[in-house]
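# Residue-level structural notes
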Amino acid sequence: MMKLRHSTTSPFVRKVVVTAIETGQDAEIERVKTVTTDASLASDNPLQKIPALTTEDGTTLIDSAVICEYLDHRKGGKLIPAPGPARWAVLTRQALCDGILDAAILRRYEAQRPEALRSIEWDARQTLKMDQGLAALEREAPGFGNAVDLGTLACAILLDYLDFRFASEAWRDRHPNLAKWHKVFAQRPSLPSTMPHD
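For the structure given in this document, a descriptive report is provided here. (Residues numbered from 1 in each chain as written. Predicted model: local features only at pLDDT ≥ 70, side-chain atom pairs only at ≥ 80, totals over all residues. Heavy atoms only, no water.)

### Remarks on the sheet that holds strand S4 (residues 60–62)
What the four strands build is an open sheet, ordered S2-S1-S3-S4; its pairing is mixed. Each edge of the open sheet is held by one strand with a lone partner, namely strand S2 (29–33) and S4. Taking each pair of neighbouring strands and ignoring which way they run, the sheet shows an average axis angle of 20 degrees. Running over the sheet, helix H1 (residues 11–22) touches strand S1 (2–6) and S2 and is turned about 145 degrees from S1. The strands touched by helix H2 (residues 64–74) within the sheet are S1, S2, strand S3 (52–54) and S4, with S4 carrying the most contacts at an inclination of about 125 degrees. (Pairing = 2+ DSSP bridges. Helix = DSSP H or I, 4+ residues; strand = E, 2+ residues; numbered from the N terminus. Axes fitted to C-alpha atoms, helices over the stretch in contact; angles between N-to-C directions. Contact = heavy atoms within 4.5 Å.)

Set out below in structure tokens:
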């Protein structure tokens, strides 16, 4: 049995869980609820970050992209294509979505600091990254079609996180192509069953 350091709010953990579901491995993973301030997390990830996956042979993997690639490889590459243009496109889309999430999470952390310590400039820089990233995805969305891969799954998870933590910013109003695609894609069973919650 594999062990996953888990949180119901982390989009990066959710990406791993969705990958496990999509590749038929969810039942092989024990989810261990973890907060990043838990001192015991350092034994699985010295960076005190989640997700961290301990494999059946005791190897620990960190970073959602690495863990998802490991899980996908175990099942023959269902979500990540073989080396070539399609693979680079999927991995690049995943990296773009992860980068937007990084900026979103940094904005959330900044908003939780005492008001006197918050930086308007810092928030603006992260907001710009999010806006530019979403604009790029908006341009790509008409080409997503029915593709189910790590790139499109990462995109759906990103958009759900924005609904969860930044609903007031109404991403759909500015990104109609993404909104149209997400409305259909978000019905995949692996997504409603893993929606983020506090």
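### Topic: the state of the cysteines
On inspection of all chains with the given rule, the structure shows zero disulfides. No disulfide involves Cys 68; its sulfur sits 12 Å from that of Cys 97, the nearest cysteine. For Cys 68, a relative accessible area of 1% puts it in the buried group. (Disulfide = S-S within 2.5 Å. Buried < 20%, exposed > 50% of the residue type's maximum accessible area, 1.4 Å probe, protein only.)

### Describing the nonpolar core
Counting residues in each nonpolar core, the largest one holds 47 residues, and the members touching the most others are Leu 71, Leu 137, Cys 155, Leu 158, Leu 159, Leu 162 and Leu 178. Sorting elements by how many residues they give to this core places helix H5 (residues 150–165) first, with ten residues. Once you skip the residues sitting within four places of it in the chain, Leu 71 turns out to touch Met 2, Val 16, Thr 19, Ala 20, Thr 23, Gln 25, Ile 29 and Leu 53. (Core = buried A, V, L, I, M, F, W, Y, C linked by side-chain atoms within 4.5 Å.)

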